[in-house]
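# Structure at a glance
As a plain string of letters, each chain reads:
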Amino acid sequence: MSVNAYQPVLDPASSGRMFWFDKHDTRVLFGDIRDESWELCDGRRFDVKPDMEMDYRDLPFPDGTFRMVVLDPPHLRHVGENAYMAKKYGALDPETWQEDLRLMFRECFRVLKPYGVLIFKWNEVQIPLSKILKLCEEKPLFGNKQPKQTGTHWIVFMKAGTEEQ
Ligand SMILES: C[S@@+](CC[C@H](N)C(=O)[O-])C[C@H]1O[C@@H](n2cnc3c(N)ncnc32)[C@H](O)[C@@H]1O
């Protein structure tokens, strides 16, 4: 599968694209393992409509395809009363989640160009970040070290260019 020249960024688990300033940013290839749409309790629709269905454990791209990968996998292992959250954001497989996330990191780094950037989002409500980082072979650079105490934002930009630069 080839990538559009104007899509240097991959979001392989994009769900409803809630954190994107532009949900149709043409620099981004939006993926997810599912393609579905349903009605929320307040009557609005919630769409998971990826540009392409994909599995982040086995990505359909050659090595070194993207300049940036944005990674926001499900973070809930126990869903229960959070079933609505699981529908919106997915859930980890209680049996295989560690191997799934290990493969996810490996695949996402495989499809990055050398010195490409991986942006990883995690919520520690059920599993601490320290456990997740052990599943990744690369060393992280920086992040928010006090996520519960600060009102600080990190915003990611990308300088414009053409694919061949
Ligand atoms: C936390 S949500 C992403 C939310 C998104 N960043 C946003 O801004 O709305 C995680 C998504 O990962 C997807 N997912 C789960 N397993 C996956 C897999 N193996 N490959 C690709 N996507 C997967 C789920 O379907 C879910 O939509």
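Residues numbered from 1 in each chain as written. Predicted model: local features only at pLDDT ≥ 70, side-chain atom pairs only at ≥ 80, totals over all residues. Heavy atoms only, no water.

### Considering the site of the ligand
Within the structure, the ligand sits among 19 residues, and Met18, Asp32, Arg34, Tyr56 and Asp72 are positioned closest to it. Here an oxygen atom of the ligand sits 3.3 Å away from a polar atom, N or O, in the main chain of Arg17. Contact distances for the ligand include 2.6 Å between an oxygen atom and a side-chain N or O atom of Asp32. Out of a free accessible area of 610 Å², the ligand has 94% covered by protein chains. Each residue belonging to the shell around the ligand can be placed in one class, and the counts come to 10 nonpolar, three polar and six charged. (Near = heavy atom within 4 Å. Polar contact = N/O pair within 3.5 Å; in protein donor to acceptor, adjacent residues only side chain to side chain. Areas by Shrake-Rupley, 256 points an atom, 1.4 Å probe, with all protein chains shown as cover. Nonpolar A, V, L, I, M, F, W, Y, C, P; charged D, E, K, R; others polar.)

### So, helix H2 (residues 97–110)
With 14 residues, H2 should reach 20 Å at 1.5 Å per residue; the first-to-last C-alpha distance of 20 Å fits that figure. Within H2, burial applies to Trp97, Asp100, Leu101, Met104, Phe105, Glu107 and Cys108. Next to the buried residues of H2 lie strand S6 (66–71), strand S7 (112–120) and helix H3 (129–133). (Helix = DSSP H or I, 4+ residues; strand = E, 2+ residues; numbered from the N terminus. Expected span 1.5 Å × (residues − 1). Buried < 20%, exposed > 50% of the residue type's maximum accessible area, 1.4 Å probe, protein only. Contact = heavy atoms within 4.5 Å.)

### With respect to a nonpolar patch on the surface
Together, Met18, Tyr84, Met85 and Tyr89 line one region of the surface with nonpolar side chains, adding up to about 380 Å² of accessible area. Among the secondary structure elements, Met85 is positioned in helix H1 (residues 83–89). Exposure remark for Met85: the relative accessible area of 30% places this residue in the partly exposed category. (Patch = residues over 30% accessible without salt bridge, like charges linked within 9 Å, V, L, I, M, F, W, Y side chains within 5 Å. Salt bridge = Lys/Arg side-chain N within 4 Å of Asp/Glu carboxyl O.)

### Observations regarding the pairing of strand S4 (residues 45–48)
Along S4, the buried face is formed by Phe46 and Val48; none of Arg45 and Asp47, which line the opposite face, is buried. Where strand S3 (residues 36–39) and S4 come together, four bridges link them in antiparallel fashion. Bridge pairing links Glu39 to Arg45 in S4. Hairpin connection from S3 to S4: five residues lie between these consecutive antiparallel strands, with Gly43 at a positive phi of about 95°. (Pairing = 2+ DSSP bridges.)

### Topic: the sheet that holds S6
Read across the sheet, five strands follow the order S5-S2-S1-S6-S7 without closing on themselves; strand pairing throughout is parallel. Edge positions in the sheet fall to strand S5 (52–53) and S7, since each has one partner strand and no second. Where strand S1 (residues 9–11) lies against S6, two bridges are found, and the strand directions are parallel. Bridging from a neighbouring strand, Leu10 pairs with Val69 of S6. Taken strand by strand, H2 contacts S6 and S7, and its axis lies near 135° from that of S7. (Axes fitted to C-alpha atoms, helices over the stretch in contact; angles between N-to-C directions.)

### Structural notes on the nonpolar core
In this structure, Leu10, Leu59, Phe61, Val69 and Leu101 are the most contacted members of the largest nonpolar core, which totals 25 residues. Within the residue set of this core, elements represented by two or more residues are S6, H2 and S7. Among the elements that make up this core, the one with the highest residue count is H2 (five residues). Each residue touching Leu59, except ones within four places of it in the same chain, is listed here: Leu10, Pro12, Met54, Glu107, Cys108, Arg110 and Val111. With six residues, the next largest nonpolar core counts Val9, Val28, Phe30 and Met68 among its residues. (Core = buried A, V, L, I, M, F, W, Y, C linked by side-chain atoms within 4.5 Å.)

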